[in-house]
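# Coordinates in review
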Amino acid sequence: MKFSISRDALLKPLQVVSGAVERRNTLPILSNVLLQVSEDSLRMTGTDLEVELVSSVTLEQAQPGDITVPAKKLLDIVRTLSEGSEVRIEGAEDKVIIRSGKSRFTLSTLPASDYPNIDEWQSEIQIEMEQGQLKRLMERTHFSMANQDVRYYLNGMLFEVNDNVLRAVATDGHRLAMAAVDLQQSALPHKQVIVPRKGVTELLRLLDDDDSPLSLSLGQNHIRVSAGGMTFTSKLLDGRFPDYRRVLPAGGDRIVIADRDVLKQSCVRVSILSNEKFRGVRVALAPQEITLTANNPEQEHAEERVEVNYQGESMEIGFNVNYVLDVLNSIEGQEVKFTLTDQNSSALVEDNADGSALYVVMPMRL
C-alpha cells in the first residue's frame, strides 16, 4: 500500500471518521482507523461498534492495499504538518511510514482483516433532504435528551416519519422537545426509530448548515446518513419511546407572550442566586407582567419584573430555570409564547411566529 495526498485533502475526512473512534475501549483495533486504498481512491473507516463513519477521497496512481492505523496519532501528525504540504504514506507488514518534507513517522499497525464492520442491513425508508434541514431539526430538540438514564430509550432521539413529515422528539422525563420538517416526498410509511445520544452528537458535528443534499436511510436496527463523500451509520436503541402526544398539555387558557431576549436575560440574572442543586425559579403572573424570583440556602434573593402580554388571572408556578433557558436558546423568533393551565400542570412553550417546534416543561414545587 502506497499513496500521496495533500495534507489539506486528508485532514477533513480523517477528522470526520476519527469522531467515531473510542479512546477508551477493550478492543485495541477500535482505536485504529481502517485505510482502504484502491488505484484512485482512499476510503477511511472509524467505528466503536455502535457508530460507523466512512469518508472517501480521490487519489492519483496509488498502490492498493488495506491497513489499520492508530487514529489519534495519525490525526495529530496530519494536523500538525504545514498547510499545503504533500503527505506520502506507505504500509509494509506491521508498520506504516508517513513522510512529509523533512518529517518521517513510523506507526505500528494491525491487520485490516480484523477490523469490525457493522452488519449488512436493509433500508426500509429512504429520505432525500437538505443537510441544514436535518441539522436544524436536531438542534431544536437534542438538549432534552436524557443522559445515562436507566430508561435507556430516553438516552437518544426519536425520529418519526409519517407521510411527508419527519419529526424529532427528545425527553428526559422532566421536559420534552419536539420539532418537525415537511419533506418533498409524500406517502412515506409511518415509522419510529430511536437514535442513540452518540449518534445524535456525531451528526450535529458532521452536518453543514446549508442546502447541500443528503440521503437518510432508516432500517429495522440502523440509521444511515450519506452526504458529500461521508457515510454515517449508527445502530438504533431498542425500546419503546413514550407516547409524546399524551405528554402535550391540552386546554391551557393562560397565554403569556414575551420578548424572547428580554425574558432570557432576566432568567440568566435570576438564575445566579437560585439554588445550585435544584435551579428553581418562581414565576408570578399578573396582568401585563411576570415577576421572576429566586432564593438560595444562603438566604440571598433575586427578583426581576418583565413586561409581557398577559390578560389572565394571577398565578404562581415554579420551573427549573435551566430548562426554560434551554428552550429560549433554541427558539429563533423575537417572541415566545407560554400556554399554562395551573401551577401543577406542565407549560407548553413555542415560538410565537413558528409552530413547527413545541416544548413542554414540567413545573417544580418551590
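All of the points below concern the structure found in this document. No experiment lies behind these values; they were computed from the predicted model shown. (Residues numbered from 1 in each chain as written. Predicted model: local features only at pLDDT ≥ 70, side-chain atom pairs only at ≥ 80, totals over all residues. Heavy atoms only, no water.)

This part takes up the layout of surface pockets. Quantified by volume, the largest pocket comes out at close to 450 Å³. Along its surface, the largest pocket is lined by 19 residues, and Gln192, Val193, Ile194, Gly239 and Arg240 are the ones closest to its centre. At the level of elements, strand S13 (188–196) and helix H5 (244–247) are the ones that each hand at least two residues to the lining of the largest pocket. Considering each element in turn, the lining of the largest pocket owes the most residues, 5 residues, to S13. (1 Å grid on protein atoms, 1.4 Å probe; cavity = no way out; pocket = protein on both sides within 12 Å on 5 of 7 lines; lining within 4 Å. Points joined across faces, edges and corners; volume = space filled by probe spheres on them. Helix = DSSP H or I, 4+ residues; strand = E, 2+ residues; numbered from the N terminus.)

A few words on the side chain of Thr45. Among the structural elements, Thr45 can be located in strand S3 (residues 41–47). Excluding residues that lie within four positions of it along the chain, Thr45 makes contacts with Val17, Val33, Leu34, Gln36, Glu52, Leu53, Val54 and Tyr115. (Contact = heavy atoms within 4.5 Å.)

Turning our attention to the sheet that holds S13. The 8 strands lie next to each other as S13-S10-S11-S12-S24-S23-S22-S17, forming an open sheet whose pairing is antiparallel. Each of the sheet's edge strands pairs with one partner strand only, and the pair in question is S13 and strand S17 (254–259). Geometrically, the sheet is characterised by an average inter-axis angle of 20° between neighbouring strands, direction not taken into account. Here helix H3 (residues 131–139) sits on the sheet in contact with strand S10 (156–163), strand S11 (165–171), strand S12 (175–182) and strand S24 (354–361), set at roughly 165° to S12. (Pairing = 2+ DSSP bridges. Axes fitted to C-alpha atoms, helices over the stretch in contact; angles between N-to-C directions.)

The next subject is helix H2 (residues 71–80). Within the span of H2, buried status applies to Ala71, Leu74, Leu75, Ile77 and Val78. When H2 is viewed along its axis, its buried side chains cluster within an angular range of 160° and face the same direction. Structural note: H2 exposes Lys73 and Thr80 on the side pointing more than 90 degrees away from its buried face. Against helix H1 (7–18), strand S2 (32–37), strand S5 (65–70), strand S7 (95–100) and strand S8 (103–108) lie the buried residues of H2. (Buried < 20%, exposed > 50% of the residue type's maximum accessible area, 1.4 Å probe, protein only. Arc of directions from axis to C-beta.)

The subject of this paragraph is the sheet that holds strand S19 (residues 289–295). Spatial ordering of the open sheet is given by S20-S19-S18-S21, a layout of 4 strands whose pairing is antiparallel. The two strands at the open ends of the sheet, each matched to only one other strand, are strand S20 (301–307) and strand S21 (315–320). On average, each strand axis in the sheet is inclined to that of its neighbour by 20°, with strand direction left out of account. With 6 bridges joining them, strand S18 (residues 280–286) and S21 adopt antiparallel strand pairing.

Turning next to the packing of helix H6 (residues 260–271) against helix H7 (residues 321–330). In the contact formed by H6 and H7, the axes pass within 10 Å of each other and the chain directions differ by 150°. Classified by the angle their axes make, H6 and H7 are roughly antiparallel. Note on packing geometry: the crossing formed by H6 with H7 is left-handed. Within the contact between the two elements, H6 uses Arg260, Leu263, Lys264, Cys267, Val268 and Ser271 and H7 uses Val321, Val324, Leu325, Leu328 and Asn329. Tallied by class, the residues present in the contact of H6 with H7 amount to 7 nonpolar, 2 polar and 2 charged. (Parallel < 35°, antiparallel > 145°, perpendicular 65-115°, else oblique. Left-handed = near helix turned anticlockwise from the far one by under 90°. Nonpolar A, V, L, I, M, F, W, Y, C, P; charged D, E, K, R; others polar.)

What follows covers the packing of H1 against H2. Two numbers describe how H1 lies on H2: the axes approach to 10 Å, and their chain directions differ by 150°. With respect to H2, the element H1 is oriented roughly antiparallel. Between H1 and H2 lies a crossing whose hand is left-handed. Each of Arg7, Leu10, Leu11, Leu14, Gln15 and Ser18 in H1 lies in contact with H2, whose residues at this interface are Ala71, Leu74, Leu75, Val78 and Arg79. A breakdown of the residues in the contact of H1 with H2 according to their chemical character gives 7 nonpolar, 2 polar and 2 charged.

Moving on to empty space enclosed by the protein. Over the atoms rolls a probe the size of a water molecule, and its path tells where empty space is left. Inspection of the entire model under this criterion finds 1 cavity of 30 Å³ or more. Size it by volume and the largest cavity reaches roughly 170 Å³. Along its surface, the largest cavity is lined by 16 residues, and Val283, Ile290, Leu292, Phe319 and Phe338 are the ones closest to its centre. Only S17, H6, S18, S19, S21, H7 and strand S22 (335–340) provide two or more residues apiece to the lining of the largest cavity. Here the lining of the largest cavity takes 3 residues from S18, the largest share from any one element. Partitioning the lining of the largest cavity into residue classes produces 16 nonpolar, no polar and no charged.

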